[in-house]
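Structure at a glance
Spelled out, the chains give:
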Amino acid sequence: MNNTPLALALPRLRLPQKERATRPTAKPATWARHSVELSPVQRRSIPDIPTRPAPTAPQRLAPRPLTIGVGWHRGLTRSHDPNEDSLVFLQGMCTYHDQLMPFSLFVIADGMGGHDCGQEASRLAMHTMMYTVLQNIVMGNELTDEYLLDMLTGGVQWANLAVCKAAQEQQNDMGTTLTAALVIGVHAYVVNVGDSRVYRYRANARQHLKQITRDHSLVAHLVETGEIAPNAIYTHPDRNQVYRCLGNDEELEIDGFMETLQAGDRLLLCSDGLWEMVHNPEIERLLSYEVEPGHACDLLVKESLRAGGCDNVSVIVARVPE
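Residues numbered from 1 in each chain as written. Predicted model: local features only at pLDDT ≥ 70, side-chain atom pairs only at ≥ 80, totals over all residues. Heavy atoms only, no water.

Attention now moves to the overall build of the protein. Along its length, the protein carries 6 helices and 10 strands. For the protein, the proportion of its 322 residues judged to be buried stands at 56%. (Helix = DSSP H or I, 4+ residues; strand = E, 2+ residues; numbered from the N terminus. Buried < 20%, exposed > 50% of the residue type's maximum accessible area, 1.4 Å probe, protein only.)

Here it is as structure tokens:
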């Protein structure tokens, strides 16, 4: 962190949000994982959340903290190159309206721009996101659903500005995807830009594995419009092209979601180095086989390497106590 000083004055209170565009506005870039212009696409916006008459503490799910596992690997194809993925998970406790409030923050950023540039972009985005979110949680006077989603979205905006500024100063193309989840009480607040993903696994649900985030990639758009079959995303020649990422333009559209959790649920955050190698049915099978998050991450990383290990792999699994 000391090698990459933040050039921006980060906010310490709630972050004002700009009105969002209705279509991707990022300009094309030339890095290894390309950013592309698309025709207008439907975006999934932050769900409408009713305002509350007065701030109240989010409902506690359980007094025990989440159990966390992490997996991180360069992959086989890039074993001699720097790992361009950055990740962080933090668990903490703060006082809020005369109560102790536990929280958990998870961030995965997958850098683009080649070797050192991609690594720096993802690390800078992760650091900025972490710094901004922690300040706002500890110093905020409210922890409503609206505030927390707004705060996470603002954190991604500041991370984007930090990467854009570094790219301009160094005159390099650099960018990164970013997905983050903040768990407070019974809710997971999720933000996403790019094609890193967040899943929820629930053993007693009809659909055990649910993808919460939406990929901002060319192949995902082609699936949505019916031009290719869903399974074609793994083999399509343009599968590495994303139309939305941090570092490409100061104006950035960010998806936000709120997921209600139950005891025993697991959240999975991962870069595309996992889900491109280990497809959703196999991810579901491995999570059903192994409940303990650390062991589950080990199995997921090993399976991605067995399937080819063509990219850096980052995995975080968080289990809600029962």
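This part takes up the pattern of salt bridges. Enumeration over the complete set of coordinates arrives at 13 salt bridges. A salt bridge links Glu 169 to Lys 165; the shortest N-O distance between them is 3.5 Å. Here Glu 169 pairs with Lys 165, and both are found in helix α2 (residues 145–170), just 4 residues apart, close to one helical turn. The exposure class assigned to Glu 169 is exposed, which follows from its relative accessible area of 56%. Among the ionic pairs, Glu 259 bridges to Lys 210, the shortest N-O distance being 3.1 Å. Taken as a pair, Glu 259 in strand β8 (residues 255–260) and Lys 210 in strand β7 (residues 209–211) lie far apart in primary sequence, 49 residues in all. With a relative accessible area of 8%, Glu 259 lands in the buried category. On the basis of relative accessible area, Lys 210 is assigned to the partly exposed category, the value being 28%. (Salt bridge = Lys/Arg side-chain N within 4 Å of Asp/Glu carboxyl O.)

Before going further, it helps to spend a moment on the environment of Glu 250. The topology assignment puts Glu 250 in the loop between α3 (218–224) and β8. Residues Glu 250 and Ala 162, 88 residues apart in the sequence, show an inter-C-alpha distance of 9.4 Å. Apart from the residues within four sequence positions on either side, Glu 250 is in contact with Asn 160, Leu 161, Cys 164 and Gln 168. (Contact = heavy atoms within 4.5 Å.)

Met 129, Val 156 and Leu 182 are the most contacted members of the largest nonpolar core, which totals 39 residues. For this core, the element with the highest residue contribution is α2, accounting for 11 residues. Ignoring anything within four residues of it in the chain, the contact list for Met 129 reads Val 107, Leu 152, Gly 155, Val 156, Ala 159, Leu 178, Ala 180 and Val 191. Counting 26 residues, the second-largest nonpolar core is a separate cluster that includes Tyr 199, Val 219, Val 278 and Ile 283. (Core = buried A, V, L, I, M, F, W, Y, C linked by side-chain atoms within 4.5 Å.)

A word on the packing of helix α5 (residues 280–289) against helix α6 (residues 293–306). Following both chains from N to C, one finds α5 and α6 inclined at 150°, their axes separated by 9 Å at the closest point. The hand of the α5/α6 crossing is right-handed. Here Glu 282, Ile 283, Leu 286, Leu 287 and Tyr 289 of α5 come into contact with α6, specifically with Ala 296, Leu 299, Leu 300 and Glu 303. (Axes fitted to C-alpha atoms, helices over the stretch in contact; angles between N-to-C directions. Left-handed = near helix turned anticlockwise from the far one by under 90°.)

Let's shift gears to the side chain of Asp 311. Residue position: Asp 311 is located in the loop between α6 and β10 (313–319). A residue is classified by how much of its surface remains accessible, and Asp 311, at 9% relative accessible area, is buried. Here the side chain of Asp 311 touches Arg 78 through a polar contact of 3.2 Å, side chain to side chain. Those residues within four positions of Asp 311 in sequence are excluded, and the remaining contacts are Arg 74, Gly 75, Arg 78, Asp 272 and Gly 273. (Polar contact = N/O pair within 3.5 Å; in protein donor to acceptor, adjacent residues only side chain to side chain.)

Positive phi values are uncommon outside glycine, yet His 97 reaches one of about 50°. By the secondary structure assignment, His 97 is in the loop between β2 (85–96) and β3 (99–112). Using a relative accessible area of 46% as the deciding quantity, one classes His 97 as partly exposed. In this structure, Asp 98 takes a positive phi of about 65° despite not being glycine. A residue is classified by how much of its surface remains accessible, and Asp 98, at 84% relative accessible area, is exposed.

Each α-helix winds once per 3.6 residues, and so residues spaced three or four apart point in a common direction. If you check α2, its first and last C-alpha atoms are 38 Å apart, about what 26 residues at 1.5 Å a residue would give, namely 38 Å. Counted residue by residue, α2 has 19 buried out of 26 residues, so it is predominantly covered. A positive backbone phi angle near 55° is found at Gln 171, which sits one or two residues after α2. (Expected span 1.5 Å × (residues − 1).)

Ordered in space as β2-β3-β4-β5-β8, the 5 strands form an open sheet in which the pairing is antiparallel. Edge positions in the open sheet fall to β2 and β8, since each of these has one partner strand only. Here the strands of the sheet are splayed against their neighbours by 15° on average, with no regard to which way each runs. One ladder, built from 9 bridges, connects β3 with strand β4 (residues 175–184); its direction is antiparallel. When the sheet's bridge partners are listed, Met 112 is paired in β4 with Gly 175. The strands touched by α2 are β4, β5 (187–193) and β8; relative to β5, the strand with the most contacts, the crossing angle is about 30°. (Pairing = 2+ DSSP bridges.)

Here we take up the packing of aromatic side chains. Counted by the stated rule, this structure contains 2 aromatic pairs. Measuring from ring centre to ring centre gives 6.4 Å for Tyr 234 and Trp 275, while their planes differ by 65°; the resulting arrangement is edge-to-face. Residue Tyr 234 is found in the loop between α3 and β8, and its partner Trp 275 is found in helix α4 (residues 272–275); the two are separated by 41 residues along the sequence. Accessibility classification places Tyr 234 together with Trp 275 in one group, the buried group. In this arrangement the basic side chain of Arg 197 is found over the ring face of Trp 275, its NZ or CZ atom lying 3.6 Å from the centre. (Phe/Tyr/Trp six-rings, centres within 6.5 Å; stacked < 30°, edge-to-face > 60°. Lys NZ or Arg CZ within 6 Å of the ring centre and 35° of its normal.)

Limitation: the analysis is restricted to geometry and does not speak to function.
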